[in-house]
Amino acid sequence: MNSLDIIEQVDLSRLRANAVLDPRAKSVFGQFMTPPSVCSFIASLFENRDGRHVRLLDPGAGVGSLTSAFLHCILGESSFRGEVTAEAFELDPALTPLLERNLALWAPLASERGTKFDWKVVEGDFIRYAVATLENELGYSDDLQGGYTHCIMNPPYKKLSSSSMQRALLRQIDMECNNLYSAFVGLAIRLLAPEGELVAIIPRSFCNGVYFKSFRKLLLDQVSIEQIHVFDSRTHAFKEDSVLQENVIIHATKMAQKDSVKISSSTDATFSEVTERVVAFEKVVRPKDRDRFIHIATSEFDERVVNAISVFTSTLADLEVEVSTGPVVDFRLKEHIEKDGRKGTCPLIYPVHFHEGNISWPRPEYKKPDSIVENDVTRRWLFPGGWYTLTRRLSAKEERRRIVAAVYNPQEYECENVGFENHVNVFHRRKAGLEDVVARGLAIYLNSTLVDLYFRQFSGHTQVNATDLRQLHYPDINTLRSWGNVRREGVYEQEEIDALVEAAIEKFISKEEAVNPVKLKKKIEEALQVLIAIDMPKGQQNERSALTLLALVDMKPERKWRNAKQPLMGITPIMEYAREYYGKNYAPNTRETVRRQTMHQFVSAGIAVPNPDGPGREVNSPKFVYQITPEALRLIRSFGSPAWNRNIEKYLKKKQSLAKRYAKERKMHMVPLAVNGAKQIYLSAGKHSILIREIIESFGPKFAPGAEVLYVGDTGAKLEHFEKDAFAELGLKFDSHGKFPDVVLYYRKKNWLLLIEAVTSHGPVDAKRHEELLDLFENTRAGLVFVTAFPNRQVMAKYIPEISWETEVWVAESPTHLIHFDGDKFLGPYK
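**Student:** Even after reading the chapter, I still don't get the sheet that holds strand S2 (residues 83-90), so can you show me in this structure?
**Tutor:** One key point about sheets: their strands pair by backbone hydrogen bonds, in either a parallel or an antiparallel sense. Pairing in this open sheet of nine strands is mixed, and the strands run S3-S2-S1-S4-S5-S7-S6-S8-S9 from one edge to the other. Each edge of the open sheet is held by one strand with a lone partner, namely strand S3 (116-123) and strand S9 (274-280). In this sheet, adjacent strand axes meet at a mean angle of 15° when their direction is disregarded. Bridging between S2 and S3 involves eight bridges; their strand directions are parallel.

**Student:** Explain the packing of aromatic side chains to me, please; I cannot follow it from the model alone.
**Tutor:** How two aromatic rings sit relative to each other is given by the distance of their centres and the angle of their planes. Counted under the stated rule, the structure contains 35 aromatic pairs. Residues Trp561 and Phe639 carry aromatic rings whose centres are separated by 5.4 Å and whose planes lie at 65° to one another, so their mutual orientation is edge-to-face. One end of the pair, Trp561, is in the loop between helix H20 (543-552) and helix H21 (571-582); the other, Phe639, is in the loop between helix H23 (630-636) and helix H24 (644-667), and 78 residues separate them in sequence. Look at Trp561 and you get buried, because its relative accessible area is 6%. Consider the rings of Tyr711 and Phe740, whose centres lie 5.2 Å apart with planes at 55°: the pair is tilted. With Tyr711 in strand S25 (residues 708-714) and Phe740 in the loop between helix H26 (724-729) and strand S27 (743-747), the pair connects residues that are 29 residues apart, well separated along the chain. When its relative accessible area of 8% is taken as the criterion, Phe740 is described as buried.

**Student:** I would appreciate a short explanation of helix H17 (residues 477-486) in the present structure.
**Tutor:** Considered for burial, the residues of H17 that qualify are Thr479, Leu480, Trp483 and Gly484. Taken end-on, H17 shows its buried residues confined to a sector of 135°, consistent with a single buried face. The N-cap residue of H17 is Asp476: its side-chain oxygen and the backbone nitrogen of Asn478 are 3.0 Å apart.

**Student:** Would you mind showing me how to read empty space enclosed by the protein here?
**Tutor:** Sizing a probe to match a water molecule and rolling it over the atoms shows the empty space that remains. In total, this model carries three cavities of 30 Å³ or more according to the counting rule given. The volume enclosed by the largest cavity comes to roughly 40 Å³. Surrounding the largest cavity, Val530, Ile534, Leu549, Ile607, Ile628, Ala632, Leu635, Ile636 and Tyr651 form its lining. The biggest single contributor to the lining of the largest cavity is H23, with three residues. Residue classes in the lining of the largest cavity are distributed as nine nonpolar, no polar and no charged.

**Student:** Help me understand unusual backbone geometry, please; the structure alone is not making it clear to me.
**Tutor:** Both trends apply: most residues other than glycine have a negative phi, and most peptide bonds are in trans. Note that the residue after Trp361, namely Pro362, is joined by a cis bond; omega there is -5°. The residue Pro362 is located in the loop between strand S14 (358-359) and strand S15 (371-373) in this model. One non-glycine residue, Glu195, lies in the positive phi region at around 65°. Exposure remark for Glu195: the relative accessible area of 56% places this residue in the exposed category. The backbone of Asn751 shows a phi angle near 55°, a positive value even though the residue is not glycine. Relative to the helices and strands, Asn751 resides in the loop between S27 and strand S28 (752-758).

**Student:** Would you explain helix H9 (residues 180-191) in this entry?
**Tutor:** An α-helix turns once per 3.6 residues; consequently, residues spaced three or four apart project the same way. Under the 1.5 Å per step criterion, the end-to-end length of H9 is 16 Å for 12 residues, consistent within 8% with the ideal 16 Å. With 11 of 12 residues buried, H9 lies mostly within the body of the structure. When we look at burial in H9, the residues that qualify are Leu180, Tyr181, Ser182, Ala183, Phe184, Val185, Gly186, Leu187, Ala188, Ile189 and Leu191. Looking at the buried positions of H9, the neighbouring elements they touch are strand S1 (53-58), helix H7 (126-135), strand S4 (148-153), helix H8 (165-171), strand S5 (192-203) and helix H10 (213-222). Near the N-terminus of H9, the side chain that reaches the backbone nitrogen of Tyr181, with its oxygen 3.1 Å away, is that of Asn179.

**Student:** What's the story with a negative patch on the surface in this structure? I'm lost.
**Tutor:** A contiguous patch of negative charge on the surface is contributed by Glu112, Glu771, Asp775 and Glu778. Among the secondary structure elements, Glu771 is positioned in helix H27 (residues 767-776). Looking at Glu771, the relative accessible area reads 46%, which means it is partly exposed.

**Student:** Mind showing me how you'd approach the packing of H21 against helix H22 (residues 591-604) here?
**Tutor:** For any two helices packed against each other, one specifies the inter-axial angle together with the distance between the axes. Closest axis-to-axis distance for the H21/H22 pair is 10 Å, and the angle between their directions is 100°. Between H21 and H22, the crossing angle belongs to the class labelled roughly perpendicular. Residues Ile571, Thr572, Ile574 and Met575 of H21 form the contact with H22, whose own contacting residues are Arg591, Val594, Arg595 and Met599. Across the contact of H21 with H22, the residue classes tally to five nonpolar, one polar and two charged.

**Student:** Would you explain the side chain of Glu303 in this entry?
**Tutor:** Tracing the sequence through the fold places Glu303 in helix H12 (residues 300-309). Overall, Glu303 belongs to the buried group, its relative accessible area being 12%.

**Student:** Explain the sheet that holds strand S11 (residues 337-338) to me, please; I cannot follow it from the model alone.
**Tutor:** Strand order in the open sheet formed by five strands is S11-S15-S12-S19-S16, with mixed pairing between adjacent strands. Strands with a single pairing partner mark the edges of an open sheet, and in this sheet they are S11 and strand S16 (383-384). Where S16 meets strand S19 (residues 417-420), two bridges bridge the pair, whose relative direction is antiparallel. Bridging across to S19, Pro384 finds its partner in Asn417.

**Student:** In this structure, what is going on with the side chain of Asn425? I would like to understand it.
**Tutor:** Summarising the element assignment, Asn425 is placed in strand S20 (residues 424-428). Asn425 gets classed as buried once you look at its relative accessible area, which sits at 0%. Here Val464 takes part through its backbone oxygen, which lies 2.6 Å from a polar atom of the side chain of Asn425.

What counts, and at which threshold
Residues numbered from 1 in each chain as written. Predicted model: local features only at pLDDT ≥ 70, side-chain atom pairs only at ≥ 80, totals over all residues. Heavy atoms only, no water. Pairing = 2+ DSSP bridges. Helix = DSSP H or I, 4+ residues; strand = E, 2+ residues; numbered from the N terminus. Axes fitted to C-alpha atoms, helices over the stretch in contact; angles between N-to-C directions. Phe/Tyr/Trp six-rings, centres within 6.5 Å; stacked < 30°, edge-to-face > 60°. Buried < 20%, exposed > 50% of the residue type's maximum accessible area, 1.4 Å probe, protein only. Arc of directions from axis to C-beta. Polar contact = N/O pair within 3.5 Å; in protein donor to acceptor, adjacent residues only side chain to side chain. 1 Å grid on protein atoms, 1.4 Å probe; cavity = no way out; pocket = protein on both sides within 12 Å on 5 of 7 lines; lining within 4 Å. Points joined across faces, edges and corners; volume = space filled by probe spheres on them. Nonpolar A, V, L, I, M, F, W, Y, C, P; charged D, E, K, R; others polar. Expected span 1.5 Å × (residues − 1). Contact = heavy atoms within 4.5 Å. Patch = residues over 30% accessible without salt bridge, like charges linked within 9 Å, V, L, I, M, F, W, Y side chains within 5 Å. Areas by Shrake-Rupley, 256 points an atom, 1.4 Å probe, with all protein chains shown as cover. Salt bridge = Lys/Arg side-chain N within 4 Å of Asp/Glu carboxyl O. Lys, Arg positive; Asp, Glu negative; His and termini not counted. Charge placed at Lys NZ, Arg CZ, Asp CG, Glu CD. Parallel < 35°, antiparallel > 145°, perpendicular 65-115°, else oblique.

In short, the description is geometric, and any link to function would need to be established separately.
The structure is reproduced here in structure tokens:
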């Protein structure tokens, strides 16, 4: 088996284990198995693969998915010829047989590649082992003298009670950890050799809060953080297990901290859409911060959010305001809580009472009792009547705002006291009410888009705790009073709230110095509204597509929609536009995602056209461009105007006919091709597609008469023609991520597969490509023949030095001739 086959086998065992494991056992062990795409990304982050002896630690190994991903990377390095020793720990006896079997699969491949591979599966508690090792002054086994050079992990996620056996063990080596994951990471760091590397996927919650202060100290004192990767959605990293915890992937080296850190993010666990930036370490952990919070600004946009909120410098102590968790725990006072607010009771405020920035109590439709009896038992838990600012402690799944604030107005209730339930936070002044204008001003600030944007990057969890609220920057007391005085009654609209905050910011930062991030977000949301209105598919109702639309109409943040333009733009300029004007720095490898998952659909929908200035241009040409269609431009210019609804209705009626018209125009410039005597396909315009047609219509009949066309690639669509059943018959599977040749022919008479690269500007079958194709097709039962096709001898002349031995070269302008490079055969497979 090759390494991809092993990875597939390991993942099958992961899926089977996930299906049969008792959910209760998974909860006990804190098990969340790592999907293959995440494993591959984690393994790719290791930088040092040149050591002669790699000593790998996987402390929560499961079925071996992460170790296998690491081995796939290191055994794929043609230069690596050293030794690999792996120690994999797993506590669950149901998984260790699978783990042992999966690691054993790598031994034959390692031997074949000239690498010595030893492994050890330990069925037991990693914490117990690590503590014993550390107490014994790093008494490693003979194979691991000097510590581990690499550690890869997805540790268990579970809180540790203060009385647990694990906490007692950790205290023996002066470690305080309140969660299994922080214990695993902390112990692994201490077990690493100097300059050893660790890559782990863990909850983001360690980045702030008092509970993880000692863990942050250990982390920041002992390793250099090289990279932090963030998932934009908290549901995607462990989607199969419905985990809502926000996760990050952290790459660290055991050495003094470097001056900079790479911050990257992806929309999901496919990593097809990645942004990345390098920032100074002092922006991640601020030098004067005693708590050493870790700030993760994944883009220039996030940096602008930090800069904007930093103009507010007051703390709650400066404002003489405190924030506390609501003290009433309802199940403990159950006998004192009633449904109907009779005399002798007072309001008990729950999150359900929050309504449009105010408190609406009682809620008759709410079945739960929401009045609390005032007596000697309950009085200590109540607040005196007064003005209070409240926030919910929990946000619902993917709720629009993380912080939701409301004002409690005592004038609406004939009660001396009020109860605040444990799921709300209360802003107060020495357990009494605030000034009414300060209470309203605080609610305005906390409900602002700016605070929401900042809190999402600052906080790694969905809870809004009082500790987190104490860490926020706040406006000064006079600013809060001025906001609270704007309107003493009624509901503040979001735009009104954001305008008040923006005006306050502009007193400190001029418009020329910084673009307001709230304006950027609003413009992106407006572009998204346009895409939804014109009925784009769900896959294009996202930020990437919104930014693409903004670039196509040259819509800078301050520009009005009526001034939308119609520039010619390629994919790279579109990505540069998103970075320059909207602070979104896409990684270069996201280019294909933008082209195939946004622009392709824009073109299909008839809202953009490719190359209006040169319809015959090839897809891989650096001059390839797109332009918004005149019809779409006229519609977009009316966004936000009274005519928008009428115009969108007219546009949608014509949308299908417009798409068909533009598709017909595109088809006129495409390259038609008959495949296997019947099927008609159309390739993207350009010289490359013309050469592919020549291969099938001239090369095939001459040198492999009657050969079946199994696969045709197209630079525009990657996969244009594929015979799935014939591939399966030959023992092959199609890998959508594999680098397939442009054409695959099957010459059944001789049982040959002809793998043909069409070269007009790059990509002959050189030595490296020859090896790639051998690996890709190694399971086939047919003989392999490698061919490089050129349109003419002038192009061929550029690549002659690169052509691999034991391959063929065909030139379309001389179709009856074939050039053979070395070997003892002419046009035939080699063993």
